[in-house]
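Structural overview
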Amino acid sequence: MIYKAIIWKFLLALGIGVIIGAKLINVQLFGFAYFGAVLLLAYFAVFNKIEQLFTVLPFVIYSEIFVRDRLDSLVPYLTIQYLYIFIFSFMLIRFSGGNKPHNKAFYFLLGFAFLEIFNGLNPDRPKLLRSIFFNSFSMILAVIWASHNVLTPKLINKILANVKLAGMYLSGIVIVAQVTGGIDYGNFSNSESSNGLAPVQLSGYLSVAACFIFFSLMNKDEIKSRYVYIIAFSIITGVMILTFSRGGLYFLGAILTLYLFFNRKNLGNYFKYLLFLPIGLVIYNLAIEKTEGKIIARYEAKGTSNRDILVEAAFKLFLENPVVGVGTSNYGTAIVEYRLFNQESTAHNEFARAMAEHGILGIITYWGFFISLFITIFKRKEPAKQFSVYFIALFIFITIHNGLKISIQHLLIIMAIANPTAVKAIFYRKIKPNTIVKQSAISY
């Protein structure tokens, strides 16, 4: 029964995506439905319905990229960031006041927040400053909330399941472009092949879903659904590859490598997965045929779309302004002023931006947060440690490749933090204070 339910859920998710991508539903109607889902999430937050909130949230997150492309005149670009700021600040004030933090790394980010504010008093581009503020502060609030609360193993599993479905739904939107054809493939990220959606951001979303499906493929408890996951993995990965944005495939490869490292003692049990190599070969051959061989040139192309140059520019700005940097949001104008790049650009990398715009103080606060978080995570027991590493690694990969631009990043960092091995009973109101509740992080 569970096996059949998974099949129907994946088919339904794919079908809904195809209907939306093929414009068989009025886009304005979809916009109103999206607003309704956002209001529903706000309602869940007001009444502290955590399970319902995180059950619906993945589908709203995976609709973000479509809404930004098709409904930019109706829906504000930072809608989910505004939502994050509301729900996490409200739940912190209303429901988390008595909770002691189980992770204190967030204090680094509080310091970074003050830097963002006081170092942004003289912005060269006020509009960009507003975007940075809302992206940065929404993430900081999510981190603080996660540091004071715990997601149960059951809820984390539900989030993983719904992200997989949401990835299938988003693939359905994109796959319409592959079916209708007329795509001019070149040696660059291709919005035509992504049905008009931003290819770089899309690769971030799809890579997360592909990684979570891979975890299911490796899970012996889901063996009856394995062939469903193989097909879903093939579809999502194939769509991701055809966007010509290489980042998603690199993220997936890195997470697979991490998984094999963590489970290296059990590698002998994984030789059976050599049977799945033909699936990869089929995807590869179809991609070559679909793109007339241009996919090979794209993945063989050297360079990082100037990302390495922008990081180098950030380092040079840091050397010129080592204490407090060039100021919040001023990276783009500074690289032109210092003749480090021929046009204004964002850093596309929050680690580089923190260094360039806030100097050594930015390194201490922003970089220090992640160093402290990794130290905390590696003290956890399995499987909490392993999966927290996957979540935070995906967050960092996307942040280095995209900057802090897509709302899946917030969900990843929440799952990484709110996933301790043991938590004090203060989080569980029915248990006596000062006792310890031990739990497995995830069932895998």
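Scope of this entry: the structure provided in the associated data block. (Residues numbered from 1 in each chain as written. Predicted model: local features only at pLDDT ≥ 70, side-chain atom pairs only at ≥ 80, totals over all residues. Heavy atoms only, no water.)

**Regarding the overall build of the chain**
- Of the regular secondary structure elements, the chain holds 17 helices and 2 strands.
- Taking all 444 residues of the chain together, the buried fraction comes to 55%.
- Intrachain contacts of the chain at a sequence separation of at least 6 include 77% that bridge at least 24 residues.
- Surface exposure of the chain reaches about 20,100 Å², of which carbon and sulfur atoms provide 66%. (Helix = DSSP H or I, 4+ residues; strand = E, 2+ residues; numbered from the N terminus. Buried < 20%, exposed > 50% of the residue type's maximum accessible area, 1.4 Å probe, protein only. Contact = heavy atoms within 4.5 Å. Areas by Shrake-Rupley, 256 points an atom, 1.4 Å probe, with all protein chains shown as cover.)

**Points about the side chain of Ser-388**
- Position of Ser-388 relative to the elements: it lies in helix α16 (residues 384-402).
- Ignoring sequence-local partners within four residues, the contact set of Ser-388 consists of Ile-377, Arg-380, Ala-416 and Asn-419.

**Points about the packing of aromatic side chains**
- One pass over the full model with this rule turns up 36 aromatic pairs.
- Residues Tyr-43 and Phe-47 carry aromatic rings whose centres are separated by 4.9 Å and whose planes lie at 50° to one another, so their mutual orientation is tilted.
- Overall, Tyr-43 belongs to the partly exposed group, its relative accessible area being 41%.
- Centroid distance Phe-114 to Phe-118: 6.3 Å. Interplanar angle 10°. Geometry classified as stacked. Taken together, the residues span about one helical turn, with Phe-114 and Phe-118 both in helix α5 (residues 106-118) at a distance of 4 residues. In this structure, Phe-114 and Phe-118 share a single accessibility class: exposed.
- Taken together, the aromatic side chains of Phe-212, Phe-214, Phe-215, Tyr-259, Phe-261, Phe-262, Phe-387, Tyr-390 and Phe-391 make up a single cluster linked through ring pairs. (Phe/Tyr/Trp six-rings, centres within 6.5 Å; stacked < 30°, edge-to-face > 60°.)

**Comments concerning the environment of Phe-318**
- Looking at where Phe-318 falls in the secondary structure, it is placed in helix α13 (residues 307-320).
- Residues Phe-318 and Ile-360, 42 residues apart in the sequence, show an inter-C-alpha distance of 7.9 Å.
- Among all residues touching Phe-318, those that are not within four sequence positions of it are Met-355, Gly-359, Ile-360 and Ile-363.

**Here's the deal with the packing of helix α4 (residues 79-95) against helix α6 (residues 126-148)**
- Interhelical geometry of α4 versus α6 gives an angle of 35° and a closest axis separation of 8 Å. Between α4 and α6 the crossing geometry is left-handed. Seen from α4, the contacting residues are Gln-81, Tyr-82, Tyr-84, Ile-85, Phe-88, Ser-89, Met-91 and Leu-92; seen from α6, they are Arg-130, Phe-134, Asn-135, Phe-137, Ser-138, Leu-141, Ala-142, Ile-144, Trp-145 and His-148.
- When the residues that make up the contact of α4 with α6 are grouped by side-chain class, the tally is 12 nonpolar, 5 polar and 1 charged. (Axes fitted to C-alpha atoms, helices over the stretch in contact; angles between N-to-C directions. Left-handed = near helix turned anticlockwise from the far one by under 90°. Nonpolar A, V, L, I, M, F, W, Y, C, P; charged D, E, K, R; others polar.)

**Topic: a nonpolar patch on the surface**
- Taken together, Phe-108, Val-323, Val-324, Ile-360, Leu-361 and Ile-364 make up a surface patch of nonpolar side chains, about 460 Å² in accessible area.
- With respect to the helices and strands, the residue Leu-361 is situated in helix α15 (residues 350-377). (Patch = residues over 30% accessible without salt bridge, like charges linked within 9 Å, V, L, I, M, F, W, Y side chains within 5 Å. Salt bridge = Lys/Arg side-chain N within 4 Å of Asp/Glu carboxyl O.)

**Thoughts on the packing of helix α2 (residues 27-46) against α4**
- Running from N to C, α2 and α4 point in directions that differ by 15°, and their axes come no closer than 9 Å. In terms of axis orientation, α2 runs roughly parallel to α4. The handedness of the crossing between α2 and α4 is right-handed. In contact with Tyr-34, Val-38, Leu-41, Ala-42, Ala-45 and Val-46 of α2, α4 contributes Thr-79, Ile-80, Leu-83, Phe-86, Ile-87, Phe-90, Met-91 and Phe-95.
- When grouped by side-chain class, the residues that make up the contact of α2 with α4 number 13 nonpolar, 1 polar and no charged. (Parallel < 35°, antiparallel > 145°, perpendicular 65-115°, else oblique.)

**Overview of the environment of Gly-15**
- Tracing the chain through its elements places Gly-15 in helix α1 (residues 2-21).
- For Gly-15, a relative accessible area of 28% corresponds to the partly exposed category.
- Spatially, the C-alpha atoms of Gly-15 and Tyr-169 are 7.3 Å apart, while their sequence positions differ by 154 residues.

Interpretation in functional terms is not warranted from these geometric data alone.
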